[in-house]
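What the coordinates show
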Amino acid sequence: MSLGYYLDPLGCAKNQVDAETMMGFLQEAGWVAVADPAEADLIIINSCGFIEKAKQESINTLLEYRQTYPDKKIVLAGCLAQGYAQELSAALPEADLIFGNRDLAKITQAAALALSSPEVSCRVLVPAAIPAPDTSPLGRRPLLSLPGSAYIKIAEGCDNHCTFCGIPRIRGPLQSRSLSQVVDECRELLDRGIKELCLIGQDLGSYGTDRTGGVSELPQLLKALSQVEGRFWVRMLYLHPDKFPLPILELIRQDPRLLPYFDLPFQHGASKILRAMNRQGTGESYLALIQHIRAMLPDATIRSTFLTGFPGETEKDFQGLLHFQGQAQLDWVGCFTYSREEHTPAYSMKPRIPRNIAAARQRLIETRQIPITEKRLDRLVGTTLEALVEEPVPGEEEPKRQVYQARLRRQAPEVDGLTFIQSDTLLVPGTFVWGRICTRHGFDLELRLED
Ligand code: SF4
């Protein structure tokens, strides 16, 4: 009789791939994924440990499962588990086992250990880091994304050491997967009908630099994917602006399947703050990068992230960020307030910015971004574009008509606006359609199918 597990995936896309990978290993070991935790022999929480808020959410999730299922075996996996294993095993008896994320194949061992664990104590299994094993079920793993799309993690860890970030401590130094392994995984996913390959890592631009002494291999990877036959999209997420490999621009110009979509977390526009964040660029150099990208690829979409309230951020620095935002005219922007994280260099930096000031600056950035994003979207009205159908919108069906949620090349999963399609013919989730953008509603668009 197969054992059943229920996995709750928290955190970012990189953590989602870890969750899918653990599900792949469990599946290959005969475990069955169940949709209802009440049916499970084991509950696995794939936690996030990036910032305080996410850490708290992961702990609350564990406590809720423990309260609801007092007799079930629970494994706390993921970044929080990896980063704080010893502290958690002492402080959180609600978990039967704390499982680190450096060798995901060991999830089967962790599951067996958890099932055999005595009531009272919380055990720890934090395997040492290993390069991604060739035997891993990566291309065959269950997928948690919406139909047609999959994340492909091309590297683990990070060597950039931004002063506000705990990732290098949790995920370790940069470890790039072999180019052939990544291409094989992409081919396996395409053979399964995937249409959008979202390449992810902490910093895609640094791909391969851990084995080339600093030269990015991202261009080679894109060149190799360009050799693969078929109709699909390749989307790149998280390119550190200081490590942007310029040769990718020409490759993208030559192959329309390589999306001119750039997620560049600039974080700030004031050089003083960028220095304090251990970032090499300036507001001027970042604007020059944006101009260069748009000159090479006029249809480029640029998303970014800003951080307000970093220690030492004066009103003048913040005005520098606002000026940068106005000049950059980015398509999509996410803005967060600085979160003071233990074990990071910024933790002891001063003066600290009061939360209400950081939040007020965040709100101003968000307010100012609305008309910018809307203006960028308005340029699309009347144009004919390709969309990836994701799913029918529940409650939006009429006798002969259904509304579908979809995304354009310029809309990344989960973070950007959406495109909606009314159709009186059945659309298949995970397939491409063409149509004319007829109107915009806030950050969303409406597409009318071509006859
Ligand atoms: S690039 Fe910077 S912010 Fe991103 S994971 Fe690496 S250290 Fe953290």
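Criteria and thresholds
- Residues numbered from 1 in each chain as written.
- Predicted model: local features only at pLDDT ≥ 70, side-chain atom pairs only at ≥ 80, totals over all residues.
- Heavy atoms only, no water.
- Near = heavy atom within 4 Å.
- Nonpolar A, V, L, I, M, F, W, Y, C, P; charged D, E, K, R; others polar.
- Axes fitted to C-alpha atoms, helices over the stretch in contact; angles between N-to-C directions.
- Helix = DSSP H or I, 4+ residues; strand = E, 2+ residues; numbered from the N terminus.
- Parallel < 35°, antiparallel > 145°, perpendicular 65-115°, else oblique.
- Left-handed = near helix turned anticlockwise from the far one by under 90°.
- Contact = heavy atoms within 4.5 Å.
- Salt bridge = Lys/Arg side-chain N within 4 Å of Asp/Glu carboxyl O.
- Buried < 20%, exposed > 50% of the residue type's maximum accessible area, 1.4 Å probe, protein only.
- Domains from an automatic or database assignment.
- Buried area = accessible area lost by both parts, 1.4 Å probe.
- Polar contact = N/O pair within 3.5 Å; in protein donor to acceptor, adjacent residues only side chain to side chain.
- Disulfide = S-S within 2.5 Å.
- Pairing = 2+ DSSP bridges.

**Quick look at the site of the ligand**
- Lining the immediate environment of the ligand, one finds Cys158, Asn160, His161, Cys162, Phe164, Cys165, Ile167, Pro168, Gln202, His240 and Arg279.
- For the shell around the ligand, the residue count by class is 6 nonpolar, 4 polar and 1 charged.

**Focus: the packing of helix H13 (residues 315-328) against helix H14 (residues 355-378)**
- Axis separation between H13 and H14 bottoms out at 11 Å; the angle between their running directions is 15 degrees. One element, H13, and the other, H14, form an angle in the roughly parallel class. Taken as a pair, H13 and H14 cross one another with a handedness that is right-handed. Taken together, the residues of H14 that come into contact with H13 (itself represented by Glu315, Phe318, Leu321, Leu322 and Gln325) are Arg361, Leu364, Ile365, Arg368, Gln369 and Ile372.
- Per-class residue counts for the contact of H13 with H14 are 6 nonpolar, 2 polar and 3 charged.

**Comments concerning the pattern of salt bridges**
- Going through the model one piece at a time under the given rule, you end up with 32 salt bridges.
- Note that Glu341 is salt-bridged to Lys55, the shortest N-O span being 2.6 Å. Pair noted here: Glu341 is in the loop between strand S14 (332-337) and H14 and Lys55 is in helix H2 (residues 52-68), with a separation of 286 residues, a long-range link. Both residues of the pair, Glu341 and Lys55, belong to the buried class.
- Between Asp416 and Arg303 there is a salt bridge, with the nearest N and O atoms lying 2.8 Å from each other. Here Asp416 is found in the loop between strand S16 (401-408) and strand S17 (419-423), whereas its partner Arg303 is found in strand S13 (residues 301-308), with 113 residues between them in sequence. Judged on exposure class, the residue Asp416 and its partner Arg303 are both buried.
- Within the structure, one salt-bridge network assembled from shared partners comprises Asp299, Asp331, Arg376, Arg379 and Arg410.

**Quick look at the domain arrangement of the protein**
- When cut into domains, the protein gives domain 1 (4-125), domain 2 (138-376) and domain 3 (384-449).
- Between domain 1 and domain 2, the contact holds 25 residues from the first and 24 residues from the second.
- Carbon and sulfur atoms make up 56% of the area that domain 1 and domain 2 hide from each other, which totals about 2200 Å².
- On the domain 1 side of the interface with domain 2, the three residues burying the most area are Lys14, Glu20 and Phe50, jointly 29% of the side's total.
- Put simply, domain 1 and domain 2 have 5 salt bridges between them.
- At the surface where domain 1 touches domain 2, the tally comes to 13 residue pairs in polar contact (both at pLDDT 80 or more).
- Residue assignment for the side of domain 1 that touches domain 2 shows that the elements contributing at least two residues are helix H1 (13-28), H2 and helix H3 (79-83).
- Of all the elements, H1 adds the most residues to the side of domain 1 that touches domain 2, at 13 residues.
- Of the residues in the side of domain 1 that touches domain 2, the class split is 9 nonpolar, 9 polar and 7 charged.

**What to know about the packing of helix H7 (residues 179-191) against helix H9 (residues 218-226)**
- Running from amino to carboxyl end, H7 crosses H9 at an angle of 35 degrees, the nearest separation of the two axes being 10 Å. The chirality of how H7 crosses H9 is right-handed. Along the contact surface, H7 presents Leu179, Val182, Val183 and Cys186, while H9 presents Gln220, Leu221, Ala224 and Leu225.
- Looking at the contact of H7 with H9 residue by residue, the classes come out as 7 nonpolar, 1 polar and no charged.

**Overview of the state of the cysteines**
- In total, this model carries 0 disulfides according to the counting rule given.
- Between Cys12, a free cysteine, and Cys48, which holds the nearest cysteine sulfur, the sulfur-to-sulfur gap is 6.3 Å.

**Digging into the pairing of strand S10 (residues 196-200)**
- With 5 of its 5 residues buried, S10 lies for the most part within the structure.
- Residues Glu196, Cys198 and Ile200 line one face of S10 and the alternating positions Leu197 and Leu199 line the opposite face, and both faces are buried.
- As paired elements, strand S7 (residues 149-153) and S10 share 5 bridges and run parallel to each other. Bridge pairing in S10 places Lys153 opposite Ile200.

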